[in-house]
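# What the coordinates show
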Amino acid sequence: MTVSTLDHLVAGRPWAGTSTRTSPVYDPALGTVSTEVRLASAADVDAVVAQAQAAQADWGEASVARRMDVLFRFRELLTTRRDELAQILTAEHGKVLADAAGEIARGIEVVDFALTMPHLNKGEFTQNASTGVDVYSVREPVGVVGIISPFNFPAMVPLWFFPLAIAAGNAVVLKPSEKDPSASNWLAALLDEAGLPPGVMNVVHGDKEAVDALLVHPGIAAISFVGSTPIAQYVYQQATAAGKRVQALGGAKNHMLVLPDADLDLAADAAVNAGFGSAGERCMAVSALLVVDSVADELVERIRTRMAALRTGDGRRGCDMGPLITAAHRDRVSGYIDIAAADGATVVVDGRTGEFDGAADGFWLGPTLLDRVPLDSAAYRDEIFGPVLSVIRVPGYAEAIDIINASPYGNGTAIFTNDGGAARRFQRQVQVGMIGINVPIPVPVAYYSFGGWKASMFGDAKAYGAAGYAFFTREKAVTSRWLDPSHGGINLGFPQND
């Protein structure tokens, strides 16, 4: 069967580039290649950045009203056609349609926030800071922004960044994951339909060659990245060495602590949703469930019962969980089940067995529950990035805090309790960037900012919110003195009576 080839999208038009390399894009539920995507060379990146630089010179001078008009029309188009985008996400990533719809909804929240740019962009003013001297500040765009986004949220993560970058007057070069690239082209085409000038939003597809070219390109002023911790650290080191500002969001090992006084039904529901939603392929997934010994048996049984009702299969069939992104990733995640068992963990539910509602060649792995996972097991230490939930039993609150704070990651964590004092102590003591209290996945709303601590975040600026917007602007401070009209006898044209 002949498959189509997905081009880059530059200045509003498909562009093949000069490189002849391509990479297969799969439908994970079928296990078959759906398209080929072009992989840019460094020379291709040069050409795209040049287009973006030329477009940014004019866009940076565009009025606030014009920028907002384009973004508002983009928001309306995206809201109207979100189902079309959800189908693309499910076909290339594999997540069920409900997860895809949720991803798009969270992305639209950031577009809404970007529309508050006229307020965010206001500077400050001090009159008569010194005699006859005023001081004020203005915000200006940084220039051309490079965005490197991951496979797990092919629409939401680009939407975390480019609406704010464009609102601030920048041009964008987006390099999406080559595993599910079509959503980025779709979004860029929608911006073109909304009236964004050609070259302000560009999509260049590629692998490490394209990424490395963006990180050091002199025409790129800033890099926004989301991905694994080793790559986030690499991106941060390479791009900052090249003189760029960088926000690089890395991986996670998110904990959820359940105290004995918690509502165990609520905690069980939360553990299932947070552990297995989007097949566990999200940096805010709960993968480590810390449970106080006295309620561990009861909670594990409630989770196991709920898992038995989950249906894994093709995301277009109304299933609860879809396949993993590739066969290689599925096999990697499956390997952690063997590792945990060899290290002494109990495999309560093995996602490698059972029936799947989809094609035989789909990249299937069902929800998996591991109990009594040792802290020295790679199944606990590593970011598995799949539907594997590890239960770690603890004597009490203090031991759980020590475990969480000893982790090299610090993205998100949650506590389930009915004790307000314990919750308040938890939010102060835990060394993590995003905290949920009886909320399993504490992703902040768009007018706050997203980002973790420790090895989960490199750079000083979090994603979206006020911090995210500030990342895409540079502040100028202006000190001015104007002579009073009476000084020097300036004639303002007023009538005089001699």
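Here the structure is a predicted model, which means the values were calculated and not measured.

### A short note on the overall build of the chain
Within the chain, the regular secondary structure consists of 16 helices and 23 strands. Rg of the C-alpha trace for the chain: 25 Å, near the compact-globule value of 23 Å for 498 residues, within the 12% margin. Here the contacts in the chain between residues at least 6 apart in sequence split such that 73% fall between residues at least 24 apart. Summing over all exposed atoms, the chain offers an accessible surface of approximately 20,300 Å²; the carbon and sulfur share of this is 51%. Side chains of the chain carry 40 positive and 55 negative charges; the gap between the two charge centres is 2 Å.

### Side note on the packing of helix α3 (residues 82-92) against helix α4 (residues 97-114)
Contact geometry of α3 with α4 gives a least axis separation of 9 Å together with a crossing angle of 125°. Regarding the angle of α3 to α4, the classification is oblique. Between α3 and α4 lies a crossing whose hand is right-handed. For the pair α3 and α4, contact is made by Arg 82, Leu 85, Ala 86, Gln 87, Leu 89 and Thr 90 and by Leu 97, Ala 100, Ala 101, Glu 103, Ile 104, Ala 105 and Ile 108, respectively.

### Looking at the side chain of Asn 411
Tracing the sequence through the fold places Asn 411 in the loop between β18 (409-410) and β19 (412-416). Non-local contacts of Asn 411, meaning those with residues more than four positions away in its chain, are made with Gly 251, Ala 252, Asn 254, Cys 283, Met 284, Val 432, Gly 433, Met 434, Phe 450, Gly 451, Gly 452 and Ser 456.

### Thoughts on the domain arrangement of the chain
Its domain assignment divides the chain into domain 1 (5-250 + 464-478) and domain 2 (254-437). Inter-centroid distance (C-alpha atoms) of domain 1 to domain 2 is 31 Å. Counting residues at the interface gives 23 residues for domain 1 and 23 residues for domain 2. Across the domain 1 to domain 2 interface the summed buried area is about 1,800 Å²; carbon plus sulfur atoms make up 63%.

### Quick word on the sheet that holds β19
Strand order in the open sheet formed by seven strands is β15-β16-β17-β14-β13-β19-β20, with mixed pairing between adjacent strands. The open sheet is flanked by β15 (346-349) and β20 (434-437), the only strands paired with a single partner. Taken over all neighbouring pairs, the strand axes of this sheet differ in orientation by 20° on average, direction set aside. Across three bridges, the pairing between β15 and strand β16 (residues 368-371) is antiparallel. Within β16, the residue paired with Val 349 across the bridge is Leu 369. Running over the sheet, helix α11 (residues 293-308) touches β13 (254-258), β14 (286-292), β15, β16 and β17 (388-394) and is turned about 140° from β14.

### Looking at a nonpolar patch on the surface
Among the surface-exposed residues, Val 445, Tyr 447 and Tyr 448 lie close enough to one another that they form a single nonpolar patch of about 360 Å² accessible area. Looking at where Tyr 447 falls in the secondary structure, it is placed in the loop between β20 and β21 (453-454). Tyr 447 gets classed as exposed once you look at its relative accessible area, which sits at 59%.

### Some words on the packing of α3 against helix α7 (residues 182-193)
Contact geometry of α3 with α7 gives a least axis separation of 9 Å together with a crossing angle of 160°. As the angle between them shows, α3 and α7 are arranged roughly antiparallel. Crossing angle aside, the handedness with which α3 passes α7 is right-handed. Counted together, Glu 84, Leu 85, Ile 88, Leu 89 and Glu 92 of α3 and Ser 182, Ala 183, Trp 186 and Leu 187 of α7 form the full contact between these two elements. By residue class, the composition of the contact of α3 with α7 is six nonpolar, one polar and two charged.

### Brief notes about the sheet that holds strand β4 (residues 22-27)
Here three strands make up an open sheet; going across it, the order is β1-β5-β4 and the pairing mixed. Two strands close off the open sheet at either side, each with one partner strand: β1 (4-6) and β4. The average undirected angle you get between the axes of adjacent strands in this sheet is 40°.

### Observations regarding the nonpolar core
Taken as a class, soluble globular proteins show a tendency for nonpolar side chains to be buried jointly. With 66 residues, the main nonpolar core has Phe 74, Leu 78, Trp 160 and Phe 162 as its most contacted residues. Broken down by element, this core gets its largest block of residues, 10 residues, from helix α6 (residues 156-167). In this structure, this core is formed jointly by two domains, domain 1 (5-250 + 464-478) and domain 2 (254-437), each of which donates at least three residues. Non-local contacts of Phe 74, meaning those with residues more than four positions away in its chain, are made with Val 111, Leu 159, Phe 162, Leu 187, Leu 190, Leu 191 and Ala 194. Membership of the second largest hydrophobic core comes to 59 residues, among which are Met 256, Phe 276, Ile 337 and Val 430.

### Re unusual backbone geometry
The phi angle at Ala 11 is positive, at roughly 55°, despite the residue not being glycine. For Ala 11, the position within the fold is in the loop between β2 (8-10) and β3 (13-15). The phi dihedral of Asn 128 is positive, around 60°, even though this residue is not glycine. Assignment of secondary structure puts Asn 128 in strand β6 (residues 125-130). Classification of Asn 128 as partly exposed rests on a relative accessible area of 49%.

### A few points about the packing of aromatic side chains
Applying the stated criterion across every chain, the model contains 12 aromatic pairs. Centroid distance Phe 151 to Phe 385: 5.8 Å. Interplanar angle 85°. Geometry classified as edge-to-face. Pair noted here: Phe 151 is in the loop between β8 (144-148) and α6 and Phe 385 is in the loop between α13 (378-381) and β17, with a separation of 234 residues, a long-range link. According to the relative accessible area criterion, Phe 385 is buried, its value standing at 16%. Chaining the aromatic ring pairs together yields one cluster made of Trp 160, Phe 161, Phe 450 and Tyr 464.

### As for α6
Within an α-helix, residues lying three or four positions from one another point in the same direction, as the helix has 3.6 residues per turn. Helix length check: α6, at 12 residues, gives a terminal C-alpha distance of 17 Å against a target of 16 Å (1.5 Å per residue), a fit within 8%. Of all 12 residues making up α6, 12 are buried, and the element is well covered by its neighbours. Considered for burial, the residues of α6 that qualify are Met 156, Val 157, Pro 158, Leu 159, Trp 160, Phe 161, Phe 162, Pro 163, Leu 164, Ala 165, Ile 166 and Ala 167. At the exit of α6 stands Gly 169, carrying a positive phi of roughly 100°.

About the thresholds
- Residue numbers run consecutively from 1 along every chain, following the written order of its sequence.
- Confidence filtering applies because this is a predicted model: local features only for residues at pLDDT of at least 70, side-chain atom pairs given and counted only at 80 or more, and all residues used for totals across whole chains, interfaces and linings.
- In computing side-chain values, all of the structure's heavy atoms are included and hydrogens and water are not.
- Strands are runs of DSSP state E lasting at least 2 residues, helices are runs of H or I lasting at least 4, and numbering of each runs from the N terminus.
- The globule rule is 2.2 Å times the number of residues to the power 0.38, and the radius of gyration it is compared with is taken over C-alpha atoms.
- Whether two residues are in contact is decided by their heavy atoms: any pair within 4.5 Å suffices.
- In this description, accessible areas are obtained by the Shrake-Rupley approach with a 1.4 Å probe, and a residue is regarded as covered only by the protein chains that are shown.
- Only four residue types enter the tally: Lys and Arg on the positive side, Asp and Glu on the negative side, with His and both chain ends excluded.
- Charge placement uses NZ in Lys and CZ in Arg. For Asp and Glu, CG and CD serve respectively.
- Fitted lines through C-alpha atoms serve as axes, helices being fitted only where they are in contact, and the angles separating the N-to-C directions of these axes extend from 0 to 180 degrees.
- Note on terminology: angles under 35 degrees are roughly parallel, angles over 145 are roughly antiparallel, angles of 65 to 115 are roughly perpendicular, and the others are oblique.
- Put simply, a crossing is left-handed when the front helix is turned counterclockwise from the back one by less than a right angle, and right-handed when it is turned clockwise.
- All domain edges in this entry derive from an automatic or database-based domain assignment.
- In this description, buried area is defined as the sum, over both parts, of the accessible area (probe of 1.4 Å) that is lost when the two are combined.
- In this scheme, strands are said to pair when DSSP sees at least two bridges between them.
- Patches draw on residues past 30% relative accessible area with no salt bridge. Two like charges within 9 Å are joined, as are two nonpolar side chains (Val, Leu, Ile, Met, Phe, Trp, Tyr) within 5 Å.
- When a carboxyl oxygen of Asp or Glu lies within 4 Å of a side-chain nitrogen of Lys or Arg, that pair is called a salt bridge.
- Three exposure classes are used, based on accessible area relative to the maximum for each residue type with a 1.4 Å probe and protein chains only: buried under 20%, partly exposed in between, and exposed over 50%.
- The residue classification treats Ala, Val, Leu, Ile, Met, Phe, Trp, Tyr, Cys and Pro as nonpolar and Asp, Glu, Lys and Arg as charged. All others, Gly included, are polar.
- Here, nonpolar core refers to any group of buried Ala, Val, Leu, Ile, Met, Phe, Trp, Tyr and Cys residues whose side-chain atoms link them within 4.5 Å.
- Within 6.5 Å between ring centres, the rings of Phe, Tyr and Trp (the latter by its six-membered ring) count as paired, and their orientation is classed by plane angle as stacked under 30 degrees, edge-to-face over 60, tilted in between.
- Helix span is expected to be 1.5 Å times the residue number reduced by one.

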